[in-house]
Amino acid sequence: ATAEEAPFITRCQLTVPLEVQAELASFTKSVERDRVLTVALRGLAKFAHASQERQRLFERLQKGYPEWITLPHGSLATPLLTVRPPVGSHADLVFDFLWQMEVSGTGALEHVAALVPHVTQEFVNADNKGLLDALPGQFKKLTVLKGLEGAFEVMMGMVAGEPKN
């Protein structure tokens with residue numbers, strides 16, 4: 001077949017599960033616009049693998065800290081994990097852990113993780129050294145040293161102690 005006769009894709013529509021639509025929105029648009037199947041398949045495979053890793057971590061943490069960890073959207077497939085103290089706890093520092101994954105138009109996968117602290121006004125007033133503002137940056141440094149899972153486990157250990165499992 002000549003180049004003029006070679007088959008090509010004239011239209012592409014990519015449908016992804018509802019719980020990952022926000023994370024894959026940019027990638028989906030680029031796949032539908034560019035219609036390059038190898039990029040689409042490579043990007044989806046990388047995302048699926050990383051999404052399974054995230055789900056396993058969230059499940060393990062939820063089992064290890066059942067009184068502390070909640071999934072605000074009710075699904076392990078979403079990128080948000082909320083850490084709140086159990087009833088009767090006197091923990092001042094609680095946080096949300098956001099682990100998003102972005103797939104570029106070339107199929108490359110980027111992990112975007114953030115720690116979002118939530119504290120009492122009393123804690124904010126007592127924080128004269130700016131520790132609260134420094135916490136997200138320190139978490140990023142910890143991810144470089146211990147990896148994403150290790151950094152999260154250190155944070156959980158600081159707030160909640162040893163896991164139950």
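Relevant structure appears above.
Now for a look at the structure at hand. As the structure is a computational prediction, the values presented were derived from the model and not from experiment.

Here we look at the nonpolar core
Here is step 1: Counting 37 residues, the largest nonpolar core has Ile69, Leu81, Phe95, Phe97, Phe152 and Met156 as its most contacted members.
Here is step 2: Contributing elements (two or more residues each) for this core: helix 1 (21–34), helix 2 (37–64), strand 2 (80–83), strand 3 (93–103), strand 4 (109–119) and helix 4 (131–160).
Here is step 3: For this core, the element with the highest residue contribution is helix 4, accounting for 9 residues.
Here is step 4: Setting aside residues no more than four positions away along its own chain, Phe95 makes contact with Leu81, Thr82, Val83, Arg84, Leu115, Val116, Pro117, His118, Phe152, Met155, Met156 and Val159.

Concerning helix 1
Here is step 1: Its 14 residues give helix 1 an end-to-end C-alpha distance of 18 Å, which sits within 8% of 20 Å, the value for a rise of 1.5 Å per residue.
Here is step 2: Maximal helix bending in helix 1 amounts to about 35°, located at Phe27.
Here is step 3: Burial in helix 1 covers these residues: Glu23, Leu24, Phe27, Thr28, Ser30 and Val31.
Here is step 4: Positive backbone phi, at 55°, marks Arg35, one or two positions downstream of helix 1.

So, the pairing of strand 2
Here is step 1: By the alternation rule, side chains of strand 2 split into Leu80 and Thr82 and Leu81 and Val83, which are all buried.
Here is step 2: Here 2 bridges tie strand 1 (residues 69–70) to strand 2, and the two strands are oriented antiparallel to one another. Note that in strand 2 the partner of Thr70 across the bridge is Thr82.
Here is step 3: Pairing geometry for strand 2 and strand 3, over 4 bridges, is antiparallel. Bridge pairing links Thr82 to Asp96 in strand 3.

Examining the sheet that holds strand 3
Here is step 1: Strand order in the open sheet made by the 4 strands is 1-2-3-4, with antiparallel pairing throughout. Sheet topology places strand 1 and strand 4 at the edges, where each strand pairs with a single neighbour.
Here is step 2: The sheet contact formed by strand 3 and strand 4 spans 11 bridges and is antiparallel. Looking across to strand 4, one finds that Phe97 is bridged to Leu115.

How each quantity is defined
- Residues numbered from 1 in each chain as written.
- Predicted model: local features only at pLDDT ≥ 70, side-chain atom pairs only at ≥ 80, totals over all residues.
- Heavy atoms only, no water.
- Core = buried A, V, L, I, M, F, W, Y, C linked by side-chain atoms within 4.5 Å.
- Buried < 20%, exposed > 50% of the residue type's maximum accessible area, 1.4 Å probe, protein only.
- Helix = DSSP H or I, 4+ residues; strand = E, 2+ residues; numbered from the N terminus.
- Contact = heavy atoms within 4.5 Å.
- Expected span 1.5 Å × (residues − 1).
- Bend = angle between axes of the 7 residues up to and from the residue.
- Pairing = 2+ DSSP bridges.

So far we have only geometry, and geometry alone does not tell us how the molecule works.
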